[in-house]
Amino acid sequence: MPAYATLLHTAALLVVLAGLVAGVIVLVRLRDLLAALRTGLDFWLAASLLTLSAPPSPRELITTAVIIAVQQLLGWAVEHRPVTFGDLFSRRGRRPDPGP
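A brief look at the structure comes next. (Residues numbered from 1 in each chain as written. Predicted model: local features only at pLDDT ≥ 70, side-chain atom pairs only at ≥ 80, totals over all residues. Heavy atoms only, no water.)

### Side note on helix H2 (residues 33-51)
Across its 19 residues, H2 extends 27 Å between first and last C-alpha, which sits within 8% of the 27 Å expected from 1.5 Å per residue. Listed as buried for H2 are Ala36, Leu41, Leu45, Ala47, Ser48 and Thr51. Of the surrounding secondary structure, the elements contacted by the buried residues of H2 are helix H1 (3-30) and helix H3 (58-79). Structurally, the start of H2 carries an N-cap: the backbone nitrogen of Leu34 is 3.3 Å from a side-chain oxygen of Asp32. (Helix = DSSP H or I, 4+ residues; strand = E, 2+ residues; numbered from the N terminus. Expected span 1.5 Å × (residues − 1). Buried < 20%, exposed > 50% of the residue type's maximum accessible area, 1.4 Å probe, protein only. Contact = heavy atoms within 4.5 Å. Polar contact = N/O pair within 3.5 Å; in protein donor to acceptor, adjacent residues only side chain to side chain.)

### What to know about H1
Its 28 residues give H1 an end-to-end C-alpha distance of 40 Å, which sits within 8% of 40 Å, the value for a rise of 1.5 Å per residue. Buried within H1 are the following residues: Ala5, Leu8, Ala12, Gly19, Ala22, Gly23 and Val26. In the core, the buried residues of H1 are packed alongside H2. Positioned one or two residues after H1, Arg31 has a phi angle of 55 degrees, which is positive.

### Some thoughts on the packing of H2 against H3
Helices that pack against each other are described as a pair by the angle of their axes relative to one another and the distance between those axes. Interaxial distance between H2 and H3 falls to 10 Å at its minimum, and their mutual angle equals 155 degrees. In terms of axis orientation, H2 runs roughly antiparallel to H3. Judged by the twist between their axes, the crossing of H2 over H3 is left-handed. Here Leu34, Leu37, Arg38, Leu41, Asp42, Trp44, Leu45, Ser48, Leu49 and Thr51 of H2 come into contact with H3, specifically with Glu60, Thr63, Thr64, Ile67, Ile68, Val70, Gln71, Leu74, Gly75, Ala77 and Val78. Its residues placed into classes, the contact of H2 with H3 shows 12 nonpolar, six polar and three charged. (Axes fitted to C-alpha atoms, helices over the stretch in contact; angles between N-to-C directions. Parallel < 35°, antiparallel > 145°, perpendicular 65-115°, else oblique. Left-handed = near helix turned anticlockwise from the far one by under 90°. Nonpolar A, V, L, I, M, F, W, Y, C, P; charged D, E, K, R; others polar.)

### Remarks on the environment of Arg81
Positionally, Arg81 belongs in the loop between H3 and helix H4 (85-89). You can call Arg81 partly exposed: its relative accessible area is 40%. Each residue touching Arg81, except ones within four places of it in the same chain, is listed here: Asp32 and Leu34.

Fair warning: the whole summary comes from geometry, so function is off the table for now.
In structure tokens:
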């Protein structure tokens, strides 16, 4: 393996590690698992694209395509969250009454 490919794979591993840390921070701060997963997947996608900078193997191409597909599905899930009964009566997210 050429030296630049080793460097790219090392950088990709560091980006994945940063994504794990960022995902945990989002989970702790927002308590939102889907947002944490999306944050981690953004970093994972960046790492996968870094590995594609070297001559990619079919496995790396498939991995990148799967990451993009999972990221899109999670994005759809976040946008289409079901409304629960508790959401209807919570004061969070309610707009104040405009008054007369």
